[in-house]
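Structural description and commentary
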Amino acid sequence: MPRQTPRNILFVMFDQLRFDYLSCAGHPFLETPHIDALAARGVRFTRAYVQSPICGASRMSFYTGRYVQSHGAAWNNYPLKVGETTLGDHLRARGMDAVLIGKTHMKVDEDGLDRLGISRAGIIGARVAECGFDARVRDDGLWAEGADGPYDAKPSPYNAYLRERGYDGRNPWHDHANSAISDGDPEDAQGEIETGWLMRNARKPANIREEDAETPWLTDQAIAFLEERRRTRTLVPWLCHLSYIKPHWPYIVPPPYHALYGAEHVVPAVRTDAERAHPNPVHAAFMQSRVSRSFARDDVRNEVIPAYMGLIRQCDDQIGRLMTYLEQSGRLKDTMVVLTSDHGDYLGDHWLGEKDLFHDPSVKVPMIVYDPSPDADATRGTTCDALVEAIDLAATFVDVAGGEFPGHILEGRSLLPLLHGETPTDWRDFAVSEYDYSCTPMADALGMAPGDARLFMVVDRGFKLIHAEGGMPPMLFDLENDPDELVDLGRDPRHAKVVHDMREKLATWARRESQRTTVSDAQILARRAGAGGRTGVLIGAYDEDDVTANDLEPYTGRVTRTVQGASDER
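Everything numeric here is computed off the predicted structure, so don't read it as measured data.

1. Here's the deal with the overall build of the protein
Of the regular secondary structure elements, the protein holds 20 helices and 17 strands. The C-alpha atoms of the protein give 27 Å as radius of gyration, which agrees with the globular expectation for 570 residues (25 Å, within 12%). For the protein, the C-alpha atoms occupy an extent of roughly 115 × 65 × 55 Å along the three principal directions. Relative to all contacts within the protein whose residues are 6 or more apart in sequence, the contacts with residues 24 or more apart total 73%. For the protein, the accessible area works out to roughly 25,400 Å², and carbon and sulfur atoms hold 51% of it. Here the protein holds 63 positive side-chain charges and 87 negative ones, and the gap between their average locations is 3 Å.

Written out as structure tokens, the structure is:
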């Protein structure tokens with residue numbers, strides 16, 4: 001099949017997919033043949049780090065190409081400021097559409113829209129509200145309802161779909177897609193809901209036909225978009241952000257995936273008793289969360305992880321559907337395909353559940369890039385261990401779209417040189433991630449003011465440092481001798497110099513130019529070259545010897561004298 005320079009981009013993101021829960025990444029039991037096949041066509045990056053180990057903040061970095069400290073949307077449901085330049089803005093300026101199918105976890109800056117008088121009904125307001133994308137289907141998959149109301153008050157397109165398909169209940173997302181049904185009278189058409197929010201139900205089959213589950217539904221939406229473009233012969237190139245909701249909790253999956261794996265397929269947790277004996281205070285606080293206490297139990301892990309694996313297997317099968325469509329429709333020859341995740345999942349490693357902190361199961365993500373161009377032929381089926389950050393994808397996509405690269409806005413680096421077998425001599429030698437945990441009970445337990453409840457990770461080839469504000473001690477891991485990050489050296493005086501050196505790297509990062517987004521370096525250099533030139537400003541000139549005749553030309557000539565005796569004043 002002839003290959004071309006990428007014209008289109010399929011940007012696939014899973015939610016809460018660990019970097020090591022793929023068979024191509026070495027998982028001993030989980031089979032992901034379709035993702036493996038994508039990796040065989042492209043490059044799998046083995047040291048890809050997100051900019052924050054939580055959905056909202058991480059995604060805002062993916063979608064702006066900027067660090068959390070730069071864009072400010074530091075936690076879930078923190079609005080992304082109106083005026084923040086997004087990936088969609090960059091691509092549309094280069095003649096490429098940017099379409100969303102699935103999740104962004106974007107919270108709109110309502111106050112900013114009101115302040116600027118921007119209507120939500122207009123195209124600008126709609127794009128601002130959808131993180132810069134043209135939303136074909138926006139569904140964050142968080143349709144939970146509690147005593148204080150729903151987590152997400154927006155209408156659910158997935159619930160609308162389920163009702164059209166005949167699913168009953170007030171909230172089919174929960175009652176069918178994310179719950180099982182109790183065993184009872186087989187003649188009874190109804191049964192009691194076994195909620196997926198209780199992890200003891202994780203191994204039960206979700207009460208939904210597999211083809212109607214969230215993951216196949218979003219694949220259907222993506223294929224419909226691609227088919228529409230093919231059928232209408234639309235010439236405008238596109239980026240389609242297909243953002244899956246799974247394998248994020250609730251951990252429950254429909255048949256046949258619920259029964260593919262069992263407790264015998266659960267790999268032992270990466271943790272030691274020593275981690276709980278004298279933990280860093282921040283680590284200790286997160287170990288006391290409800291989800292961490294649950295995942296500290298082997299019986300919980302044995303129930304949940306097989307369901308998590310089943311969800312991933314379902315995701316892999318949907319990647320197979322997509323790749324088959326791209327190949328049969330001829331789009332694979334000119335479409336870059338990118339697969340990644342917004343963060344990982346501890347699953348009991350280091351006595352933790354969920355994400356939040358900076359051990360690899362949480363902050364390192366899968367990243368696979370297929371570039372159809374002949375320039376990428378030499379790297380097909382390889383791995384790359386360069387230090388890669390999530391913000392590099394936005395930079396890569398803008399690089400693919402062409403035009404002048406906006407390096408004063410985008411803080412990432414294009415991956416195209418790495419995809420084409422080049423070894424940039426100036427590639428970064430450390431990566432950074434951030435976490436603002438000020439909204440969490442852990443900040444309260446530690447007595448942290450909002451401004452102090454912040455964590456920073458800096459990782460290089462040999463060490464990973466976690467710096468905590470608020471007077472907390474650091475955490476430090478020797479990655480060469482302790483790749484599983486089990487021994488915290490942050491308070492060991494023998495490693496004080498390493499801590500100091502890693503903090504210096506963090507300080508170097510913090511001093512970067514990040515807020516000058518309206519004037520590029522090229523514009524600055526042009527102004528510098530023209531300083532004191534033909535703009536008529538002659539600061540510091542004493543007489544004609546300090547300037548040229550051309551400089552003085554606008555200021556010379558004869559005019560009518562209006563002040564009598566002016567020539568006699570001296």
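So that's the structure; there's more coming.
2. Digging into the packing of helix α9 (residues 214-232) against helix α13 (residues 298-329)
Running from N to C, α9 and α13 point in directions that differ by 10 degrees, and their axes come no closer than 10 Å. The angle between the axes of α9 and α13 places the two elements in the roughly parallel class. Every residue of α13 that contacts α9 at Thr215, Pro216, Thr219, Asp220, Ala222, Ile223, Leu226, Glu227 and Arg230 is listed here: Gln314, Cys315, Gln318, Arg321, Leu322, Tyr325, Leu326 and Ser329. Of the residues belonging to the contact of α9 with α13, the class tally is 8 nonpolar, 5 polar and 4 charged.

3. A short note on the pairing of strand β1 (residues 8-14)
Burial of β1 is extensive: 7 of the 7 residues sit out of reach of the surface. As paired strands, β1 and strand β10 (residues 335-341) are joined by 7 bridges and run parallel to one another. The residue bridging Val12 from the neighbouring strand is Leu339, located in β10. Of the pairings in the sheet, the one linking β1 to strand β9 (residues 238-243) comprises 5 bridges and is parallel in character. Across the sheet, the residue bridging to Met13 is Ser243, located in β9.

4. What to know about the nonpolar core
Within the largest apolar cluster, 74 residues are counted, with the highest numbers of intra-cluster contacts made by Phe11, Phe45, Leu239, Met336, Phe397, Leu415 and Tyr437. Once residues lying within four places of it in the same chain are set aside, the contact partners of Phe397 are Ile9, Phe11, Leu87, Leu91, Leu239, Met336 and Val338.

5. Here's the deal with the pairing of strand β3 (residues 97-102)
Of all 6 residues in β3, 5 are buried, a share of seventy percent or more. Sheet topology note: the β3/β9 ladder contains 6 bridges and is parallel. Following the sheet pairing, Leu100 is matched in β9 by His241. Of the pairings in the sheet, the one linking β3 to strand β4 (residues 134-138) comprises 4 bridges and is parallel in character. The residue bridging Val99 from the neighbouring strand is Asp134, located in β4.

6. Observations regarding the side chain of Gln16
Within the secondary structure, Gln16 sits in the loop between β1 and α1 (33-41). There is a polar contact of 3.0 Å between the side chain of Gln16 and the side chain of Glu354. When near neighbours in sequence (up to four residues on either side) are disregarded, Gln16 contacts Pro247, His248, Trp249, Tyr251, Tyr308, Ser341, Asp342, His343, Gly344, Asp345, Glu354 and Lys355.

7. Digging into the sheet that holds strand β17 (residues 475-478)
With antiparallel pairing, 4 strands are arranged side by side in an open sheet as β14-β15-β16-β17. Strand pairing shows two members of the sheet lacking a second neighbour, β14 (431-436) and β17, which therefore form its edges. Recorded for the sheet is a direction-independent mean angle of 10 degrees between the axes of neighbouring strands. As paired elements, strand β15 (residues 454-459) and strand β16 (residues 463-468) share 5 bridges and run antiparallel to each other. If you follow Val459 over to β16, its bridge partner there is Lys464. Across the sheet, helix α18 (residues 496-510) lies against β14, β15, β16 and β17, angled at about 70 degrees from β16, the strand it touches most.

8. Some remarks on the packing of aromatic side chains
For the structure shown, the criterion picks out 18 aromatic pairs. Judged by centre distance (5.3 Å) and plane angle (85 degrees), the ring pair of Tyr67 and Trp509 falls under edge-to-face. With Tyr67 in the loop between α2 (55-64) and α3 (68-71) and Trp509 in helix α18, this residue pair connects regions lying 442 residues apart in the sequence. The pair Tyr67 / Trp509 is uniform in exposure class, with both members buried. Each ring, one from Tyr158 and one from Trp217, has its centre 4.9 Å from the other, and the planes form 45 degrees; the classification is tilted. You can see Tyr158 sitting in helix α7 (residues 157-164) and its partner Trp217 sitting in helix α9, a full 59 residues away along the chain. By relative accessible area, Trp217 is classed as buried at 3%. Of the aromatic side chains, those joined through ring pairs into one cluster are Tyr21, Tyr251, Phe295 and Tyr308. The ring centre of Trp509 lies 4.2 Å from the NZ or CZ of Arg512, which sits over that ring.

Analysis parameters
Residues numbered from 1 in each chain as written. Predicted model: local features only at pLDDT ≥ 70, side-chain atom pairs only at ≥ 80, totals over all residues. Heavy atoms only, no water. Helix = DSSP H or I, 4+ residues; strand = E, 2+ residues; numbered from the N terminus. Rg over C-alpha atoms; globule rule 2.2 N^0.38 Å. Contact = heavy atoms within 4.5 Å. Areas by Shrake-Rupley, 256 points an atom, 1.4 Å probe, with all protein chains shown as cover. Lys, Arg positive; Asp, Glu negative; His and termini not counted. Charge placed at Lys NZ, Arg CZ, Asp CG, Glu CD. Axes fitted to C-alpha atoms, helices over the stretch in contact; angles between N-to-C directions. Parallel < 35°, antiparallel > 145°, perpendicular 65-115°, else oblique. Nonpolar A, V, L, I, M, F, W, Y, C, P; charged D, E, K, R; others polar. Buried < 20%, exposed > 50% of the residue type's maximum accessible area, 1.4 Å probe, protein only. Pairing = 2+ DSSP bridges. Core = buried A, V, L, I, M, F, W, Y, C linked by side-chain atoms within 4.5 Å. Polar contact = N/O pair within 3.5 Å; in protein donor to acceptor, adjacent residues only side chain to side chain. Phe/Tyr/Trp six-rings, centres within 6.5 Å; stacked < 30°, edge-to-face > 60°. Lys NZ or Arg CZ within 6 Å of the ring centre and 35° of its normal.

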